[in-house]
Amino acid sequence: MMTIIVTGGAGFIGGNFIHYYLSAHPEDRVICVDKLTYAGNLSTLAPVMDNPNFRFCKLDICDREGVFALFEEEKPDAVINFAAESHVDRSIENPEIFLQTNIIGTATMMDACRAFGNVRYHQVSTDEVYGDLPLDRPDLFFTETTPIHTSSPYSSSKAGADLLVQAYQRTYGLPITISRCSNNYGPYHFPEKLIPLMIANCLNNKPLPVYGEGLNVRDWLYVEDHCKAIDLILHKGRIGEVYNVGGHNEMRNIDIVKLIIHELGKDESLITYVTDRKGHDLRYAIDPTKIHEELGWFPETKFQDGIKKTIKWYLENRQWWEEIISGEYQNYYEKMYGNR
Ligand code: NAD
Ligand code: TYD
């Protein structure tokens, strides 16, 4: 039996990971550490709140004292660090919090790992650390040896964290791994990101803001496939290694938007072209050969199935995202914990 600290578990991928992990490893104990920023939503974890093998801990990963006290109490066997400021547009408006959480928070979690017996540490990173690829070179992909070359304050802060993780392994012998995944989609995705924003706006008959001409390309992976990859890396990955995770599923933004419109029976007149993002990365594309050959991982959910499942989830869970849009979800912690 293992005790695992999962940071950022009230967010999109961390939340999906906790659901996946508790059912895949019912013998293990999962402790979620989350500050509950605007992106953290405790209702995402409502289905597991009563699971005796689950504990939620409202804590900032930069809070050294709080993190060390939790390690002292729980003696974790492993840490998976999902917690991050994750939205590129917000990083362009206000970089500082990205440096704080994504870099200092990573260092704090790793310092705790060092202090409590060299705890196994996995860093959830992103393909955005590789920068972007040109649109007219479909033969090019990111591999684990592609140089780090970032574009946004977000990707720079994630790259800074990755370098620090590798330095902690080399300098202190911390047993680390890093995964760099492409764009995820699926349930519990915060409706400021492309796919959930377009679904929510479509359902509310609101304009669909497409940046620039909508020709930028992203490589989309169903979130559960990412969760399975992290699980494999945690248990079978080689210490010190980076693993790229991606689905060979490249799509232009405009095609995603049109697909969502058609699935929901809406009209393309909802599309509104807006000013492009500053420094907008053109194309991301992952080569996942290493994780496939070493760990046998491959994406199980095809995009045409995953996007239908995702849209269905948003239709069936309107309350989850409507409370986010209205801001009501931020009172959830009070509702859950106010009287405890
Ligand atoms: P998210 O924004 O949905 O969730 C982030 C979570 O971290 C939230 O619950 C938030 O409350 C929490 N958090 C933020 N700052 C914190 C702090 N200081 N202390 C404790 N908790 C804090 O993000 P996501 O999309 O689920 O991404 C999770 C991780 O995966 C991130 O590290 C991100 O860089 C990486 N990633 C995301 C994608 C993607 O497509 N979303 C792709 C590749 C990698
Ligand atoms: P996003 O979901 O923010 O992920 P990332 O920037 O990390 O890839 O955006 C995905 C793509 O969609 C990106 O090229 C920017 C574009 N986009 C829009 O065109 N309109 C929007 O409203 C948003 C949020 C994103």
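Residues numbered from 1 in each chain as written. Chains lettered and ligands numbered in written order. Predicted model: local features only at pLDDT ≥ 70, side-chain atom pairs only at ≥ 80, totals over all residues. Heavy atoms only, no water.

> What am I meant to see in the overall build of the protein chain here?
Counting its secondary structure elements, the protein chain contains twelve helices and 13 strands. C-alpha extents for the protein chain along the principal axes are approximately 60 × 50 × 35 Å. Counting all 340 residues of the protein chain, 57% fall into the buried class. When the accessible surface of the protein chain is split by element, carbon and sulfur atoms take 50% of a total near 14300 Å². Counting 33 positive and 47 negative side-chain charges, the protein chain places the centres of these two groups 1 Å from one another. (Helix = DSSP H or I, 4+ residues; strand = E, 2+ residues; numbered from the N terminus. Buried < 20%, exposed > 50% of the residue type's maximum accessible area, 1.4 Å probe, protein only. Areas by Shrake-Rupley, 256 points an atom, 1.4 Å probe, with all protein chains shown as cover. Lys, Arg positive; Asp, Glu negative; His and termini not counted. Charge placed at Lys NZ, Arg CZ, Asp CG, Glu CD.)

> What is the right way to look at the site of ligand 2 in this model?
The environment of ligand 2 is formed by 18 residues, the closest being Glu128, Pro209, Arg218, Arg277 and His280. Glu128 has a polar side-chain atom sitting 2.6 Å from an oxygen atom of ligand 2. Between an oxygen atom of ligand 2 and a side-chain N or O atom of Arg277, the distance comes to 2.5 Å. Its free accessible area being 520 Å², ligand 2 has 96% of it covered by the protein chains. Those elements giving two or more residues to the shell around ligand 2 turn out to be helix H6 (194–203) and strand E8 (208–211). Of the residues in the shell around ligand 2, the class split is eight nonpolar, five polar and five charged. (Near = heavy atom within 4 Å. Polar contact = N/O pair within 3.5 Å; in protein donor to acceptor, adjacent residues only side chain to side chain. Nonpolar A, V, L, I, M, F, W, Y, C, P; charged D, E, K, R; others polar.)

> Help me understand the sheet that holds strand E4 (residues 78–81), please; the structure alone is not making it clear to me.
Here we have seven strands laid out as an open sheet, ordered E3-E2-E1-E4-E5-E6-E11, and parallel in their pairing. In the strand order of this sheet, the two ends are held by strand E3 (54–58) and strand E11 (242–245), each with one partner. Strand after strand, the sheet turns through a mean of 20° between neighbouring axes, direction not considered. Two strands pair when backbone bridges link them, and strand E5 (residues 120–126) and strand E6 (residues 176–181) are joined in this way by six bridges, in the parallel orientation. Bridge pairing in E6 links Val124 to Ser179. (Pairing = 2+ DSSP bridges. Axes fitted to C-alpha atoms, helices over the stretch in contact; angles between N-to-C directions.)

> Is there a simple way to think about the site of ligand 1 in this case?
Around ligand 1 lies a shell of 28 residues, among which Ile13, Asp34, Ser86, Tyr154 and Lys158 are the nearest. Within the side chain of Thr101, one N or O atom sits 3.0 Å away from a nitrogen atom of ligand 1. Within the complex, the protein chains bury 97% of what would otherwise be the 840 Å² of accessible surface of ligand 1. Counting residues per element, the shell around ligand 1 draws most heavily on E5, which supplies three residues. Residues belonging to the shell around ligand 1 are distributed by class as follows: 13 nonpolar, eleven polar and four charged.

> Can you help me understand the environment of Ala229 in this one?
Its place among the elements puts Ala229 in helix H7 (residues 223–236). Taking the C-alpha atoms as reference, Ala229 lies 11 Å from Tyr21; in sequence the two are 208 residues apart. What Ala229 contacts, discounting residues up to four positions off in sequence, is Val245, Ile291 and Trp297. (Contact = heavy atoms within 4.5 Å.)

> It is not clear to me how the packing of helix H8 (residues 253–263) against helix H10 (residues 303–316) should be interpreted in this structure. Could you clarify?
Geometrically, a packed helix pair is captured by the angle between its two axes and the distance between the axes. Where H8 contacts H10, the axes come no closer than 11 Å and their chain directions differ by 55°. Viewed along their axes, H8 and H10 adopt a mutual orientation that is oblique. For the pair H8 and H10, the sense of crossing is right-handed. Between H8 and H10, the contacting residues are Ile256, Leu259, Ile260 and Glu263 on the first element and Phe303, Ile307, Lys308 and Ile311 on the second. (Parallel < 35°, antiparallel > 145°, perpendicular 65-115°, else oblique. Left-handed = near helix turned anticlockwise from the far one by under 90°.)

> Looking at this structure, how should I read the nonpolar core?
Nonpolar side chains in soluble globular proteins generally cluster together in the buried interior. Core analysis: the biggest nonpolar cluster contains 32 residues, and Ile195, Ile199 and Ile260 have the highest contact counts within it. The set of elements that each furnish at least two residues to this core consists of H6, E8, H8, H10 and helix H11 (318–326). In terms of residue count, the dominant contributor to this core is H6 (six residues). Cys57, Met109, Tyr121 and Val242 belong to the second-largest nonpolar core, a separate cluster that totals 31 residues. (Core = buried A, V, L, I, M, F, W, Y, C linked by side-chain atoms within 4.5 Å.)

> Before we go on, may I ask you to explain empty space enclosed by the protein in this structure?
Applying the stated rule across the entire model yields two cavities of 30 Å³ or more. What the second largest cavity holds in volume is close to 50 Å³. Forming the walls of the second largest cavity are Val88, Glu128, Ser151, Ser152, Arg218, Arg277, Lys278, Gly279, His280, Asp281 and Tyr284. For the lining of the second largest cavity, the residue count by class is two nonpolar, four polar and five charged. (1 Å grid on protein atoms, 1.4 Å probe; cavity = no way out; pocket = protein on both sides within 12 Å on 5 of 7 lines; lining within 4 Å. Points joined across faces, edges and corners; volume = space filled by probe spheres on them.)

> Whenever I open this one, the environment of Thr171 confuses me. Can you help?
Residue position: Thr171 is located in helix H5 (residues 153–172). Residues Thr171 and Thr150, spaced 21 residues apart in sequence, show a C-alpha to C-alpha distance of 24 Å.

> Help me out: how do you make sense of the pattern of salt bridges in this one?
Under the defined criterion, the tally for this structure stands at 20 salt bridges. For Lys228, the salt bridge identified is with Glu224, shortest N-O distance 4.0 Å. Of the two residues, Lys228 and Glu224 are both situated in helix H7; the distance of four residues between them amounts to about one turn of the helix. For Glu224, a relative accessible area of 33% puts it in the partly exposed group. Among the salt bridges present, the one from Lys228 reaches Glu300, with a minimum N-O distance of 2.9 Å. Here Lys228, found in helix H7, pairs with Glu300, found in the loop between helix H9 (289–295) and H10; they are 72 residues apart in sequence, far enough to count as distant. Taken together, the salt bridges that share partners define one network made up of Arg29, Arg55, Glu73 and Glu74. (Salt bridge = Lys/Arg side-chain N within 4 Å of Asp/Glu carboxyl O.)

Any functional reading would require information beyond the geometric quantities listed.
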